[in-house]
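Coordinate analysis (summary)
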Amino acid sequence: MFTLSDEIVIRPFAAQDAETVLAINTAAVPATNLISLDELNELVASALACVVALKNDTPVGFILCLGEDLPYTSANYLWISERRARFAYIDRICVAEDARGHRIGERLYHALFDALNGTDRSFLCEVNERPSNPGSVKFHKRLGFQEIGRQDHGEKAVLFLEHPPTTGAQA
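Residues numbered from 1 in each chain as written. Predicted model: local features only at pLDDT ≥ 70, side-chain atom pairs only at ≥ 80, totals over all residues. Heavy atoms only, no water.

Re helix 2 (residues 37–46)
Put simply, the rule reads: Burial status follows relative accessibility: with a 1.4 Å probe on protein chains alone, a residue under 20% of its type maximum counts as buried, one over 50% as exposed, and anything between as partly exposed. Numbering of helices and strands runs from the N terminus, with a helix taken as a DSSP run of H or I at least four residues long and a strand as a DSSP run of E at least two residues long. Our arc is simply the arc of the directions from the helix axis toward the C-beta atoms. Contacts are assigned to residue pairs that have any heavy atoms within 4.5 Å of one another.
For helix 2, the set of buried residues is Leu40, Leu43 and Val44. Seen along its axis, helix 2 keeps its buried residues to an arc of 100°; they face one direction. Along helix 2, exposed side chains directed more than 90 degrees from the buried face belong to Asp38, Glu42 and Ala45. Those residues of helix 2 that are buried are in contact with helix 1 (18–27), strand 2 (49–55), strand 3 (58–66) and strand 4 (87–95).

Here it is as structure tokens:
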């Protein structure tokens, strides 16, 4: 059981986090896409940042952010790459179901903003419009993200959102 008094530690991803992070990602489908352990490790290796939230030394959430010029074939990453020369693309953010509602996602975002503070990179992500994910849209807008586009993939449709670069104090 998760309580508000539980201490959450935010730190960079470590190799021992991989299997638990993968399970959190898998449980979040279809809000995020399914990946294998090898794919997760490849994404982390090429990431600008991957930050993990821990409760009792066990991951309960993570955020993974990629930069430009990667050989990543995600349709959403390619859409952003065609429109921005320099960016921080949030490929995925997931919080374990029993840890939701405790502002862990917000803390992960602020840790990411801090990690890339002063790099002059806009933060970009997409949120599912179909299947609908209104909670994520509301969450991102509360953090200062603004819609910059849409793409329909047939079975899925997404909204693209952007947050300005962070400089100085935490965003």
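The rest of the description comes next.
Examining the environment of leucine 37
Looking at the secondary structure, you find leucine 37 in helix 2. Residues leucine 37 and alanine 18, 19 residues apart in the sequence, show an inter-C-alpha distance of 7.2 Å.

Side note on the packing of helix 1 against helix 2
Put simply, the test is: Axis definition: a line fitted to C-alpha atoms, over the contacting stretch in the case of helices. Angles run 0 to 180 degrees between N-to-C directions. Here the word oblique covers every angle except those under 35 degrees (roughly parallel), over 145 (roughly antiparallel) and from 65 to 115 (roughly perpendicular). Three residue categories are used. Nonpolar comprises Ala, Val, Leu, Ile, Met, Phe, Trp, Tyr, Cys and Pro, charged comprises Asp, Glu, Lys and Arg, and polar comprises the others, including Gly.
Their axes nearest at 10 Å, the elements helix 1 and helix 2 cross at an angle of 105°. Relative to helix 2, the element helix 1 is oriented roughly perpendicular. In this structure, helix 1 uses Ala18, Glu19, Val21 and Leu22 to contact helix 2, whose residues at the interface are Leu37, Leu40 and Asn41. The residue inventory of the contact of helix 1 with helix 2, partitioned by class, reads five nonpolar, one polar and one charged.

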